[in-house]
Amino acid sequence: MIVVRETPGSDADKGYTDMIPMVDLKTQYLSMKEEIDRGILEALEKCQFILGPNVSAFEEEAAAYLGAKNAVSVASGTDALHLALAASGIGKGDEVITTPFTFIATAEAIRYVGANPVFVDIDPYTFNIDPAKIEEAITPATKAVIPVHLFGQPADMDTIEKVCKRHGLLIIEDCAQSFGALAGKCMTGTIGSMGCFSFFPSKNLGCYGDGGMISTNCPELAARIRVLRNHGSEIRYHHSTIGYNSRLDEIQAVILRAKLKRITSFNEGRRRVAGLYTSLLENTGIACPYEDGKGTHVYHQYTVLTDKRDKIMQVLSSAGIASAIYYPIPLHRQEVFAEEYKSVTLPVSERVSSRCMSLPVFPEMTEEQVREVVGVIKEAL
Ligand SMILES: *Cc1c(COP(=O)(O)O)cnc(C)c1O
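Residues numbered from 1 in each chain as written. Predicted model: local features only at pLDDT ≥ 70, side-chain atom pairs only at ≥ 80, totals over all residues. Heavy atoms only, no water.

**Description of the pattern of salt bridges**
Part 1: Evaluated as defined, the whole model comprises 16 salt bridges.
Part 2: For Arg355, the salt bridge is made with Asp307, and the minimal N-O distance between the two is 2.7 Å. Linking Arg355 in helix H13 (residues 347–355) with Asp307 in the loop between strand E10 (302–305) and helix H11 (309–318), this pair joins segments that are 48 residues apart in sequence.
Part 3: For Asp307, a relative accessible area of 63% gives the class exposed.
Part 4: Glu339 is paired through a salt bridge with Lys342; the nearest N and O atoms lie 2.5 Å apart.
Part 5: Overall, the relative accessible area of 58% leaves Glu339 in the exposed class.
Part 6: When its relative accessible area of 56% is taken as the criterion, Lys342 is described as exposed.
Part 7: Salt bridges sharing partners connect three or more residues here, namely Glu35, Lys261 and Arg262. (Salt bridge = Lys/Arg side-chain N within 4 Å of Asp/Glu carboxyl O. Helix = DSSP H or I, 4+ residues; strand = E, 2+ residues; numbered from the N terminus. Buried < 20%, exposed > 50% of the residue type's maximum accessible area, 1.4 Å probe, protein only.)

What follows is the structure, encoded as structure tokens:
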């Protein structure tokens, strides 16, 4: 039987039994246990649980790492997207262009503010939104574009910026999978007007629960998001707008501060594993991830294309090796959207969804483990 894990990283939460998991959070925790345990205990002693000192320190450190003027933490990546849209004043009747080949949260956030997602097909090689197809999707109702830096590879921001500038559209980057990825000279999350990050445990920078963040160079947007995340309040018990309860907690901030110090080496570890996979999978007929060279791919996922997906996943599973399909159904074909978008066909997304599969990739993965995965794949073929 093929075990398909629909939620990113859910395997990490359920307590996996695979010999080689998609991501090995336990090994990573043990490598920094002392620092994390000590930080958590100190935070418990301090009892400043909401918007405490570790949260503000993390925001400053994360902004500095990204080269953004501001970073505002929130309760999840989904909330980051939601509050970014809300802070932009996007709402009912507006259209937001995005990719159909992403996690549902990208489109959910658009719906939360009452706007309509307009799905634009992807590039067959990078799996990111195809910038050449954005322009024809623009209408007078279009307000923003949300490119997703899928699997850790930056979307083609140069071209997207040009199109958006020409049409006066806002860019909100979905950086849930791309913490630390460079797009050209800048980090993802500092190119559009806002960058939305997720700290879901399995993400490149992940905490031990839910967490998220918005980066922005615009002080007004940062200030608005700070108010929105805290019940529409700047001064306690004075409420200027209807806001939300969406804050990162102090314990998660401790964990994120420890991991942020190591994120460059974590991402290098992922790139090392990816490079090894790509060289070992040569001449197998499997299409390995394509790097467009415009940015640094940080390999949140190592996603390949193959016509023999079921067979490979079955053989991997019996060998105790995890694999997953990110994503099996493009958003315009999801039950929630299917009726409304039934006249929309996005052939590249549909074809990629039917052939893609992701292999284990995490910074601590050993060369031996990568060789084992590839060995089993070669057997399956
Ligand atoms: C994980 C993810 C999100 C949502 O983040 P959460 O922290 O789980 O709410 C949004 N977009 C993409 C592309 C993601 O991978």
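**Some words on the site of the ligand**
Part 1: Near the ligand lie 16 residues; those nearest to it are Gly77, Thr78, Gln177, Ser198 and Lys203.
Part 2: The contact in question runs from an oxygen atom of the ligand to an N or O atom on the side chain of Thr78, over 2.5 Å.
Part 3: In this structure, Lys203 approaches the ligand through a side-chain N or O atom, which is 3.1 Å from an oxygen atom.
Part 4: When the free accessible area of the ligand is taken as 380 Å², the share hidden by the protein chains comes to 95%.
Part 5: Elements with a contribution of two residues or more to the shell around the ligand: helix H5 (77–87) and helix H6 (105–112).
Part 6: Among the elements that line the shell around the ligand, the one with the most residues is H5, at three residues.
Part 7: For the shell around the ligand, the per-class residue count stands at six nonpolar, eight polar and two charged. (Near = heavy atom within 4 Å. Polar contact = N/O pair within 3.5 Å; in protein donor to acceptor, adjacent residues only side chain to side chain. Areas by Shrake-Rupley, 256 points an atom, 1.4 Å probe, with all protein chains shown as cover. Nonpolar A, V, L, I, M, F, W, Y, C, P; charged D, E, K, R; others polar.)

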